Structures are given as structure tokens and as C-alpha cells.
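In case you want the letters, here they are:
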Amino acid sequence: MSLHDDAVLVLKRYEDQDELRGLYLDHLAAHADGMWKACEAGHLTASALVVDPERGRVLLTLHKKLGMWLQMGGHCEPGDTALADAALREATEESGIPGLTLLPGGPVRLDRHPIPAPCHWHLDVQYAALAPAGAVEAISDESLDLRWYRYDEVAAVADTSVVRLMEATRARL
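Residue numbers here run from 1 along each chain, matching the order of that chain's written sequence. For this predicted model, a pLDDT threshold of at least 70 governs which residues receive local features, and a threshold of 80 or more governs which side-chain atom pairs are given and counted, while totals over whole chains, interfaces and linings are taken from all residues. Side-chain figures throughout are based on the complete set of non-hydrogen atoms in the structure, without hydrogens or water.

Caption draft 1: View of the nonpolar core. The biggest cluster of nonpolar side chains holds 32 residues, and the ones touching the most others in it are Met-35, Leu-44, Val-50 and Leu-83. Under the DSSP-based scheme used, a helix requires at least four consecutive residues in state H or I and a strand at least two consecutive residues in state E, with every element numbered from the N terminus. Mapped by element, the contributors of at least two residues to this core are α1 (3-13), α2 (18-30), β1 (43-52), α3 (83-95), β7 (121-130) and β8 (143-150). It is α1 that provides the largest number of residues to this core, a total of 5 residues. Apart from residues no more than four positions distant in its own chain, Leu-83 is found in contact with Leu-3, Asp-6, Ala-7, Val-10, Met-35, Leu-44, Ala-46, Cys-76, Val-125 and Tyr-127. Here the nonpolar core consists of buried residues drawn from Ala, Val, Leu, Ile, Met, Phe, Trp, Tyr and Cys, with membership extended through side-chain atoms lying within 4.5 Å. Exposure classes here rest on a 1.4 Å probe applied to the protein chains alone. A residue is buried below 20% of its type maximum, exposed above 50%, and partly exposed in between. Of all hydrophobic cores here, the second largest spans 18 residues; its members include Leu-60, Tyr-151, Ala-158 and Met-166. Contacts are assigned to residue pairs that have any heavy atoms within 4.5 Å of one another.

Pasting the structure below:
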């Protein structure tokens, strides 16, 4: 199964955000290359919020290009065979934490946001990744910083998309 086919199945099973989910499915139906950065009409991305539920905190990255505190994530790569795998790969690479596991149940949220030309949209499929006990983060080349934030601190440092992702993750926990 191709990554494109996997994304369609994942989105068909996702039972929330009906209008946005429909937009993602329409995009994939119209764009065979809709999973890849080269698709100028927009493309799907995969991300994961790294959560330490035992300590009531999340790990955010200070994104190098955007200068914003965000969840881990990014573009799908040719070796990715599933959206969940892409999200877990991105979370592991950007957090430096081995042994992350995705929260069961598929994506937690969807978030569509504009990006600079030549592409126009990121259609982000957002998961949550559980940090193993004693997890120690390590900054990657894609981050300026990594920092753990208590749930009640996130709204003060991150935008509403991250806050909504954290709230949806906590509800699922």
C-alpha cells in the first residue's frame, strides 16, 4: 500500500473535524502527489505531540525557521509507508528520544495552515507520542531548543493549534 493510500484510509477512519477531514480527502483525490512537499497546491504533513502523562507535561520544539514553539513534525519522506510511521519518525528525530510510542486510536487532530509560496498549505495530521519513563531529549539540527512544559504552561508559549492538540491529547489520555 502506498503512503497516499494509507493517508486516505487513515482519514476515512478519523471521526472528527468532518469539514476539514473532507477537505483533506478531496485534496488527496485531486492530487496524486498530495503527500509530497513538491505539491504546490499543498501537501499532507505528519506531526506528534510528545507527552509525558506521568509528569503532566509536553515536549515542544522551538522551530528553527518559524521561531515558534511547536509539536514535532514535518514532511513525509519516500521511505514512509504510513502516516503514523512518518509522525513517529519525525517525533523521534526531532526530540532525540528513543522508544516513543504513538497514543492508540490514530490521529488526535487535523490542522490546516498556510505556508509561504511556492506551496500554499500544510495539511497536518497530528498524533500524540508517549515518552517512555526517564526520557531524555536531545536537540536536533531542526530545532533551536527543546523544552518540557506543564500542561498549564503551553498556552503562554504556543499558538492555538498546539493548545488544541494538547487538549485533544489530554482528553484521549
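Caption draft 2: Looking closely at the packing of aromatic side chains. When the centres of two rings from Phe, Tyr and Trp lie within 6.5 Å, Trp using its six-membered ring, the rings pair. Their planes under 30 degrees apart give stacked, over 60 give edge-to-face, and anything left gives tilted. Applying the stated rule across the entire model yields 1 aromatic pair. Note on criteria: charge over ring means Lys NZ or Arg CZ within 6 Å of the ring centre, with the direction from the centre no more than 35 degrees off the ring normal. Sitting over the face of the ring of Trp-121, Arg-112 holds its NZ or CZ atom 3.5 Å from the ring centroid.

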